[in-house]
Amino acid sequence: MKKIFLLFLIFSFSSCAELQQIADNLPQEGGYSISNQEIAGGLKQALQKGIDTRVTELTEEGGFFRNELVRITLPPELQKVDKTLRDIGLDALADEGLLVLNRAAEEAVKEATPIFVNAVQEITFADARNILLGNDRAATDYLSGKTTTQLYSKFNPVVTNSLEKVGATQVWNNIINRYNQLPLTGKVNPDLADYVTQEALEGVFTMIAVEEVEIRNQVSARTTNLLRRVFALQD
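Q: So, the packing of helix α3 (residues 36-58) against helix α9 (residues 192-217): which residues are in play, and what are the values?
A: Their axes nearest at 8 Å, the elements α3 and α9 cross at an angle of 125°. One finds that α3 runs oblique with respect to α9. The hand of the α3/α9 crossing is right-handed. When α3 is examined against α9, the residues A46, L47, K49, G50, I51, T53, R54, V55, E57 and L58 are found in contact with a partner set consisting of G203, V204, M207, I208, V210, E211, E214 and I215.

Q: Please provide a residue-by-residue account of the pattern of salt bridges, values included.
A: With the rule as written, the count across this model stands at 13 salt bridges. For K49, the salt bridge is made with E211, and the minimal N-O distance between the two is 2.5 Å. In this pair, K49 is assigned in helix α3 and E211 in helix α9, connecting sequence segments 162 residues apart. With respect to burial, K49 and E211 carry one shared label: buried. A salt bridge links D87 to K83; the nearest nitrogen and oxygen atoms lie 3.0 Å apart.

Q: Tell me about the packing of aromatic side chains, residues and numbers included.
A: Applying the stated criterion to the full structure yields 3 aromatic pairs. Summarising the aromatic geometry, the rings of F116 and F155 are spaced 5.8 Å apart at their centres and angled 70° between planes, so their arrangement reads as edge-to-face. With F116 in helix α5 (residues 91-122) and F155 in helix α7 (residues 138-165), the pair connects residues that are 39 residues apart, well separated along the chain. Comparing F116 with F155 shows no difference in burial state: the two are buried. Here F125 and Y142 contribute two aromatic rings whose centre-to-centre distance is 5.2 Å and whose plane-to-plane angle is 25°, an arrangement assigned as stacked. Placement of the pair is F125 in the loop between α5 and α6 (128-132) and Y142 in helix α7, with a sequence separation of 17 residues. The class of F125 is buried, set by a relative accessible area of 8%. Site record: aromatic cluster; members linked through ring pairs are F116, F155 and F205. Directly above the aromatic system of F65 lies the positively charged group of R71, at a separation of 5.6 Å from the ring centroid.

Q: Could you give me a rundown of α7, with the residues and numbers involved?
A: Over its 28 residues, α7 extends only 35 Å from the first C-alpha to the last, a length that falls short of the 40 Å expected when each residue adds 1.5 Å. Along its length, α7 shows its largest kink, about 60°, at T147. At the C-terminal side of α7, G167 shows a positive phi close to 80°.

What counts as what
Residues numbered from 1 in each chain as written. Predicted model: local features only at pLDDT ≥ 70, side-chain atom pairs only at ≥ 80, totals over all residues. Heavy atoms only, no water. Axes fitted to C-alpha atoms, helices over the stretch in contact; angles between N-to-C directions. Helix = DSSP H or I, 4+ residues; strand = E, 2+ residues; numbered from the N terminus. Parallel < 35°, antiparallel > 145°, perpendicular 65-115°, else oblique. Left-handed = near helix turned anticlockwise from the far one by under 90°. Contact = heavy atoms within 4.5 Å. Salt bridge = Lys/Arg side-chain N within 4 Å of Asp/Glu carboxyl O. Buried < 20%, exposed > 50% of the residue type's maximum accessible area, 1.4 Å probe, protein only. Phe/Tyr/Trp six-rings, centres within 6.5 Å; stacked < 30°, edge-to-face > 60°. Lys NZ or Arg CZ within 6 Å of the ring centre and 35° of its normal. Expected span 1.5 Å × (residues − 1). Bend = angle between axes of the 7 residues up to and from the residue.

This is the structure:
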């Protein structure tokens, strides 16, 4: 009888905004209601769990290079450099160039992980319920859209330092100089720091999304009461 009365109240309103407000406050499955604030908290927990369990894997030795989802390959202008070096028997030099780019990303993520943690804590989910009911990586995409520009400005200097730390700058200066000395080749001078920054950021968001997909699709991955309550709404 109570449910019939509630349905009657809903259809008595003509305003879409009023209908949405009522829907947001209706009792949910299990006899309890859950607020947008709680939903936002659950989304933040999911993103934080992605950082804790997935992004930290990227900071380990080979974290980028051995992970096919995020391995950094060469930008187009350097792919011709790689091919040319291999064609003339300099495979070892080409291999080293690819490896140091991935190592630089690992070092950068290791130093910059607190940046992602702060971004998650500070983000405001203006439409938490719709994000929750969105696609499998809706929360990650929302985080990416809201923070990428800010994160880039903070992340790029870290990547630049990491390139120096692992010797990538020196290796690639050597590679590019060798390539530029070859006859009949166009000169190249790529911005490695920008490229690795973009790729490392994409790798981080990719791994956060891996955890979000798991939480959305596997109840066992919901390791807190809040995660279980919030993500039960989208099952």
